[in-house]
Amino acid sequence: MKVIYEEASSQARMATMQLDKGEAVHVLHPNQIVAFQGRPEQREDSFMKLPSMFRKKRLIQCLMKGPAQFMLGLPEGYSLAVVPLEDEDDLLFEFRHVLFYTEGVTFTTHLQSVKNTVITQDLVKMQFHGPGSLGLLTAGPLFHMALDEKLPLYVDVSCLVAYPRQAKLRLCVYGNTLASQHMNYHWEITGQGHVLMQPCKPDPKLDEHMKSDGLLRRIAREVLPFGGVFIK
């Protein structure tokens, strides 16, 4: 699989996915596919499993098979990062950031504590297993930062995209009294490995899949023919 990034403007970008014969990609946001070059039967849409429907706020996912190419439209202000996965990878991801994953990649869920769920509004984290690749949609470019077992790393809860499964996390604020009273919650992280971060806090107005929507409206828009055109 080859990904070609194209600047559409100063803030919005497009990405072209080129698939060779035998390659396939699962796209979790089919509405972001703006162009496709290949045979019609190389695209197969299917209903997501129920847990994924609620986590992604979508009903349908798409399987694209090669040889073919298709273009993904990226929401204004967002970036696409392709992360390679190996069998031994132990990173836990925010599922809402996942735009696509290649055929052969599997994933398992890990429940958060009640306290962390209430604060972050996210019940589970997803661990993906390779070999393969994961496409992440983030508010700005994706950055890596190494962890230390003793010196904690503090990351805004809105900016953390992935972290090692064995890392120790604690929700907190830090700094002096004035700083701690006026900051968002942060993850205090120690351990081995590295974390993935987005440099900006996501604005839900920029991208429809980042904001809540009524279940009935989503069903009508995604299931009915031309529902995405007439139902806003």
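Under an unreviewed UniProt entry, the name given to the chain is AIM24 family protein, and the organism recorded is Paenibacillus pectinilyticus.

Asker: Can you lay out the overall build of the chain for me, pointing to particular residues and giving the numbers?
Answerer: The helix and strand tally for the chain stands at five helices and 19 strands. Counting contacts in the chain only where the partners sit at least 6 residues apart, residues at least 24 apart contribute 72% of the total. For the chain, the accessible surface area stands at approximately 12,700 Å², while carbon and sulfur atoms represent 56% of it.

Asker: Summarise the sheet that holds strand 11 (residues 106–111); cite the residues concerned and give the values.
Answerer: In sheet architecture, strand pairing relies on hydrogen bonds along the backbone and comes in two forms, parallel and antiparallel. Pairing is antiparallel in the open sheet, where six strands are placed in the order 11-12-9-16-19-14. Looking at the sheet topology across the chains shown, the edges are occupied by strand 11 and strand 14 (143–146). Averaged over all pairs of adjacent strands, the angle between their axes in this sheet comes to 30°, without regard to strand direction. Here strand 9 (residues 91–93) pairs with strand 12 (residues 124–129) via two bridges, running antiparallel. Paired with Phe93 across the two strands is Met126, which belongs to strand 12.

Asker: Kindly report on the environment of Arg43, identifying the contributing residues and their values.
Answerer: Along the chain, Arg43 falls in strand 5 (residues 43–47). Along the primary structure Arg43 and Ala68 are separated by 25 residues, whereas in three dimensions their C-alpha atoms are 9.8 Å apart. Every residue in contact with Arg43, bar those within four places of it in the chain, is listed here: Pro30, Ile33, Cys62, Leu63 and Met64.

Asker: Outline the pattern of salt bridges, listing residues and values.
Answerer: Side-chain pairing between opposite charges can occur once the charged atoms of the two side chains come close. Using the criterion set out here, one finds six salt bridges in the structure. For the salt bridge of Arg39 with Glu41, the shortest nitrogen-to-oxygen distance reads 3.1 Å. Across the pair Arg43 and Asp45 runs a salt bridge whose closest N-O atoms are separated by 3.0 Å. Judged by relative accessible area, Arg43 falls into the partly exposed class, the value being 33%. Through salt bridges with shared partners, one network takes in Glu94, Arg96 and Lys125.

Thresholds applied
Residues numbered from 1 in each chain as written. Predicted model: local features only at pLDDT ≥ 70, side-chain atom pairs only at ≥ 80, totals over all residues. Heavy atoms only, no water. Helix = DSSP H or I, 4+ residues; strand = E, 2+ residues; numbered from the N terminus. Contact = heavy atoms within 4.5 Å. Areas by Shrake-Rupley, 256 points an atom, 1.4 Å probe, with all protein chains shown as cover. Pairing = 2+ DSSP bridges. Axes fitted to C-alpha atoms, helices over the stretch in contact; angles between N-to-C directions. Salt bridge = Lys/Arg side-chain N within 4 Å of Asp/Glu carboxyl O. Buried < 20%, exposed > 50% of the residue type's maximum accessible area, 1.4 Å probe, protein only.

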